[in-house]
Amino acid sequence: MAGLIRREDIDEVRARTDIKEIVDGYVTLKSAGIGSWKGLCPFHDERTPSFHVRPQTGTYHCFGCDESGDAIAFLMNMDHTTFAETVEKLAARIGYELHYEQGSGPRKEEVGRRQRLLDAHKVAAEFFQRNLYTRQAAPAQQFLGERGFDGEAARRYGVGYAPRGWDHLLKHLRERGFTDQELKLTGMFSEGNRGLYDRFRGRLVWPIRAVAGEVIGFGARKLDDDDQGPKYLNTPETALYKKSQVLYGIDLAKREIAKQRRVVVVEGYTDVMACHLAGVTTAVATCGTAFGPEHIKIVRRFLSDSGGGGEVVFTFDGDAAGQKAALRAFEEDQRFVAQTYVAVEPHGMDPCDLRLARGDAAVADLVDSRRPLFEFAIRATLKNYDLDTIEGRIRAMRACAPIVARIRDRSLRPAYARQLAGWLGLEPAEVQRAVDGAGRGGTQERPAPRAPEARQGPPPVELPDPREPVARMEREALETVVQCPDLMLEDHWEEFSLSAFRYPVHGAVHDAVLAARAQLRDGGASVPGGQVWVDAVRGHLPDPLHGYLAELAVTPLPATTQQQLERYTADILTRLFELQINRRKSDRLAELQRTDPGARRERYEQLQRELLELEMQRRRLRQD
């Protein structure tokens, strides 16, 4: 058994190791004065850099969490290796031969487990790469070629091929001195009744590397229809590979991420390749899991996400799954100081397909067309509601208000509240109140399926605030109709029947009034007033609203003569009908703002015509 590493060798390795070069592999450092560097601490979550490195003394210290040490301590904490394994790794890095207290160095089986696993992965990656250029790998070569990747691209990203058969890689690694016990720990093999066999067979293979560049796992795509496995098969969780802590392409993108202060998150290996080849060199991808808190910690260190100004751009497919992924990413948005954006190709193409169809420039243009993630979240939420109904728009407002309230840049909230009001056709003040309420901890509307929202069952008994102008005007109009149906002209009834009341209680009374009129009318005769009329309306209202109807029937109207009553009735109905016209205009204008004139030109022009006609109706109403 190998002895302890000699103390003088440890001191020599420590002295020869540049701690800044080691830390640079994990943290973006910026100058903090002569001989000092700083960055975001990798050992705790922070927004302001408090992690300092002094190469002259070979030490680091975090003033936030008090972690400190030398290069050996840093790597032990980052890579979870033992002291001896870390010293051996650093010695190999600088080409220094270690000596041990009890004579010779460790035998193969005594080398640190982590380094042995890394060595096995390195050998496997080279094995896969060589096999990509064999005749058997023709399907893999065809797959790459059809997606616009040549041999140089394959070599740059280490793409390889796992040959068909049960033990090609197994035999190769055994011949290189790796034991079956070691191979079990790599995740590259499965185990059956007859022992180990290759996990990846007949597949295109990508090496997945850690931040420092070591291969720690593989992702493999099936090529043959007779392959019964999943489309993508990744390395399972191992001592090296934790999918929630791995970003494919981070080893190649890290320096550009730090330089550009932007990271582009895509969905797959080929998307990363396509982005990098198209000049978007900050692209990374998760490996079979959603972008989560551990990924954010990795990204933030390279963005130097402390003073703002950085960007995280997510690219998602335009389908339902892509929208769900974007909304999930928005839930993590508060962990960033950097601004978060989303870029979605209108026709649903991912970066790889886009590059193939339209060239490199189209990929860069896609990223440049990014829009704030919270704006995407608002639009995605709106799709869950029927915006053609008042109820649907109110519910959509309640669902979107918390999103606007969560926008980190407070100066943007009023502008997006106004934008949301335009999309919904509601008053900006009303939307702003909803946003303010959500910011104080108001309840959030649950998304509902997009469907017409007909009233079902008795409406809620909760009455609207009479101080609210629309609520007050709607109530006054109903008071008039309930108390003076005989003053309603035929064209008044026609316009009244088309009116859509904002508040459910008023909408229920409106429906009951129309049902009672249909019941009592005999041919073209007018509706009888008085108790017969009120009883008929009551008969079409649910019991909980009978008391409210009684209020409407007895509230004094502001008139003392018949002439004043007729003038008041005409005035209040004119106000109601004008409100309805303005509401329809707001509906059309909101839809116009949501309509792409390029994609739906006919509907866009129709909305413009309807807006003109509604304005003419409003003017005629005023003239009358």
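The present account deals with the structure reproduced in this document. Computed from a predicted model, the values in this text were never measured in an experiment.

Calculation criteria
Residues numbered from 1 in each chain as written. Predicted model: local features only at pLDDT ≥ 70, side-chain atom pairs only at ≥ 80, totals over all residues. Heavy atoms only, no water. Helix = DSSP H or I, 4+ residues; strand = E, 2+ residues; numbered from the N terminus. Buried < 20%, exposed > 50% of the residue type's maximum accessible area, 1.4 Å probe, protein only. Contact = heavy atoms within 4.5 Å. Areas by Shrake-Rupley, 256 points an atom, 1.4 Å probe, with all protein chains shown as cover. Core = buried A, V, L, I, M, F, W, Y, C linked by side-chain atoms within 4.5 Å. Salt bridge = Lys/Arg side-chain N within 4 Å of Asp/Glu carboxyl O. Phe/Tyr/Trp six-rings, centres within 6.5 Å; stacked < 30°, edge-to-face > 60°. Lys NZ or Arg CZ within 6 Å of the ring centre and 35° of its normal. Axes fitted to C-alpha atoms, helices over the stretch in contact; angles between N-to-C directions. Parallel < 35°, antiparallel > 145°, perpendicular 65-115°, else oblique. Left-handed = near helix turned anticlockwise from the far one by under 90°. Nonpolar A, V, L, I, M, F, W, Y, C, P; charged D, E, K, R; others polar. 1 Å grid on protein atoms, 1.4 Å probe; cavity = no way out; pocket = protein on both sides within 12 Å on 5 of 7 lines; lining within 4 Å. Points joined across faces, edges and corners; volume = space filled by probe spheres on them. Pairing = 2+ DSSP bridges.

Topic: the overall build of the chain
Phase 1: When helices and strands are tallied, the chain shows 26 helices and 17 strands.
Phase 2: Put simply, the chain has 624 residues, and 49% of those count as buried.
Phase 3: By sequence separation, contacts in the chain at least 24 residues apart represent 67% of the contacts at least 6 residues apart.
Phase 4: Surface summary for the chain: the accessible area is close to 30400 Å², and the carbon and sulfur share equals 48%.

Quick word on helix α12 (residues 293–303)
Owing to its 3.6 residues per turn, the α-helix aligns residues three or four sequence positions apart on the same side.
Phase 1: α12 sits mainly inside the fold: eight of its 11 residues count as buried.
Phase 2: Those residues of α12 lying buried are His-295, Ile-296, Ile-298, Val-299, Arg-300, Arg-301, Phe-302 and Leu-303.
Phase 3: Next to the buried residues of α12 lie α3 (71–79), β12 (247–248), α10 (250–260), β13 (262–266), β14 (283–286) and β15 (311–315).

A look at the nonpolar core
In a soluble, globular protein the nonpolar side chains are often hidden away together inside.
Phase 1: Grouped together as the largest cluster of nonpolar side chains are 44 residues, with contacts concentrated most on Leu-144, Val-159, Leu-204, Trp-206, Tyr-248 and Met-273.
Phase 2: At five residues, helix α11 (residues 269–277) tops the list of elements feeding residues into this core.
Phase 3: Sequence-distant contacts of Leu-204, that is, excluding residues within four places in its chain, are made with Leu-132, Ala-140, Phe-143, Leu-144, Val-159, Gly-160, Tyr-161, Gly-219, Ala-220, Arg-221 and Leu-223.
Phase 4: Within the second largest apolar cluster, 38 residues are counted, among which are Leu-478, Cys-484, Phe-496 and Leu-565.

Let's talk about the pattern of salt bridges
Phase 1: On inspection of all chains with the given rule, the structure shows 29 salt bridges.
Phase 2: Across the pair Asp-227 and Arg-203 runs a salt bridge whose closest N-O atoms are separated by 3.1 Å. A residue pair is termed long-range when its members are at least 10 positions apart, and Asp-227 in the loop between β10 (215–222) and β11 (232–234) and Arg-203 in strand β9 (residues 203–209) qualify at 24 residues.
Phase 3: One salt bridge in this structure joins Arg-538 and Asp-535, with 2.6 Å as the shortest N-O distance. Of this pair, Arg-538 and Asp-535 both sit in helix α23 (residues 530–538), three residues apart, which is roughly one turn of the helix.
Phase 4: Classification of Asp-535 by relative accessible area gives partly exposed; the value is 36%.

A few points about the packing of aromatic side chains
Phase 1: A complete count under the given rule lists 20 aromatic pairs for this structure.
Phase 2: Plain terms: the ring middles of Phe-43 and Phe-51 are 6.2 Å apart, the flat faces sit at 70° to each other, and that makes the pair edge-to-face.
Phase 3: A residue is classified by how much of its surface remains accessible, and Phe-43, at 23% relative accessible area, is partly exposed.
Phase 4: A residue is classified by how much of its surface remains accessible, and Phe-51, at 0% relative accessible area, is buried.
Phase 5: An aromatic cluster of three or more residues is present, and its members are Tyr-26, Phe-43, Phe-51, Tyr-60 and Phe-74.
Phase 6: Lying over the aromatic face of Trp-37, Lys-20 brings its terminal NZ or CZ to 4.4 Å of the ring centre.
Phase 7: In this structure, Arg-370 packs its charged tip against the face of Tyr-341, placed 5.1 Å from the ring centre.

A closer look at the side chain of Thr-315
Phase 1: Tracing the chain through its elements places Thr-315 in strand β15.
Phase 2: Since its relative accessible area comes to 5%, Thr-315 is described here as buried.
Phase 3: When neighbours within four sequence positions are excluded, Thr-315 is seen to be in contact with Val-264, Val-265, Val-266, Glu-267, Ala-343 and Pro-351.

With respect to the packing of helix α17 (residues 390–405) against helix α19 (residues 428–439)
To describe two helices that pack against each other, one gives the angle between their axes and the distance between the axes.
Phase 1: Between α17 and α19, the least distance of the axes is 8 Å, while the angle of their chain directions is 55°. Relative to α19, the element α17 lies oblique. Once α17 is placed against α19, the crossing between them reads as right-handed. In this structure, α17 contributes Ile-394, Met-397, Ala-401, Pro-402, Val-404 and Ala-405 to the contact, and α19 contributes Glu-430, Val-431, Ala-434, Val-435, Ala-438 and Gly-439.
Phase 2: Its residues placed into classes, the contact of α17 with α19 shows 10 nonpolar, one polar and one charged.

Some remarks on empty space enclosed by the protein
Once rolled over the atoms, a probe with the size of a water molecule shows which space is left empty.
Phase 1: Scanning the model with the defined rule gives four cavities of 30 Å³ or more in all.
Phase 2: The volume enclosed by the second largest cavity comes to roughly 40 Å³.
Phase 3: In this structure, the second largest cavity is lined by Tyr-157, Pro-207, Arg-209, Tyr-248, Gly-249, Asp-251 and Leu-252.
Phase 4: Breaking the lining of the second largest cavity down by element, the ones donating at least two residues are β9 and α10.
Phase 5: Among the residues forming the lining of the second largest cavity, the class breakdown is four nonpolar, one polar and two charged.

Focus on the environment of Gly-348
Phase 1: Take Gly-348: it is sitting in the loop between β16 (339–343) and α14 (351–358).
Phase 2: Owing to a relative accessible area of 36%, Gly-348 belongs among the partly exposed residues under this scheme.

Here we look at the environment of Asp-436
Phase 1: Looking at the secondary structure, you find Asp-436 in helix α19.
Phase 2: On the basis of relative accessibility, which here comes to 36%, the residue Asp-436 falls in the partly exposed class.

What to know about the sheet that holds β15
Phase 1: Reading across the sheet, the six strands line up as β12-β14-β13-β15-β16-β17 and stay open at both edges, with mixed pairing between neighbours. At either end of the open sheet lies a strand with only one pairing partner, and these are β12 and β17 (371–372).
Phase 2: Of the strands in this sheet, β12, β13 and β14 are in contact with α10, which crosses β14 at around 130°.

Points about the sheet that holds strand β2 (residues 37–39)
Phase 1: Read from one edge to the other, the open sheet built from five strands follows the order β1-β2-β3-β4-β5, with strand pairing classed as antiparallel. In this open sheet, the two edge strands, each paired with only one partner strand, are β1 (30–31) and β5 (68–69).
Phase 2: For strand β3 (residues 51–54) and strand β4 (residues 59–62), the ladder comprises four bridges, and the chain directions are antiparallel. Paired with Arg-54 across the two strands is Thr-59, which belongs to β4.

A word on the pairing of β13
Phase 1: Counted residue by residue, β13 has five buried out of five residues, so it is predominantly covered.
Phase 2: Neither face of β13 is open: one carries Arg-262, Val-264 and Val-266, the other Val-263 and Val-265, and all of them are buried.
Phase 3: With three bridges connecting them, β13 and β14 associate as parallel partners. In the sheet register, Val-264 faces β14, and the bridge partner there is Ala-283.

A short note on unusual backbone geometry
Phase 1: Of note in this structure, Asp-66 is not a glycine but carries a positive phi near 70°.
Phase 2: Tracing the backbone through its elements, the reader meets Asp-66 in the loop between β4 and β5.
Phase 3: The phi angle at Arg-261 is positive, at roughly 55°, despite the residue not being glycine.
Phase 4: Residue placement: Arg-261 occurs in the loop between α10 and β13.

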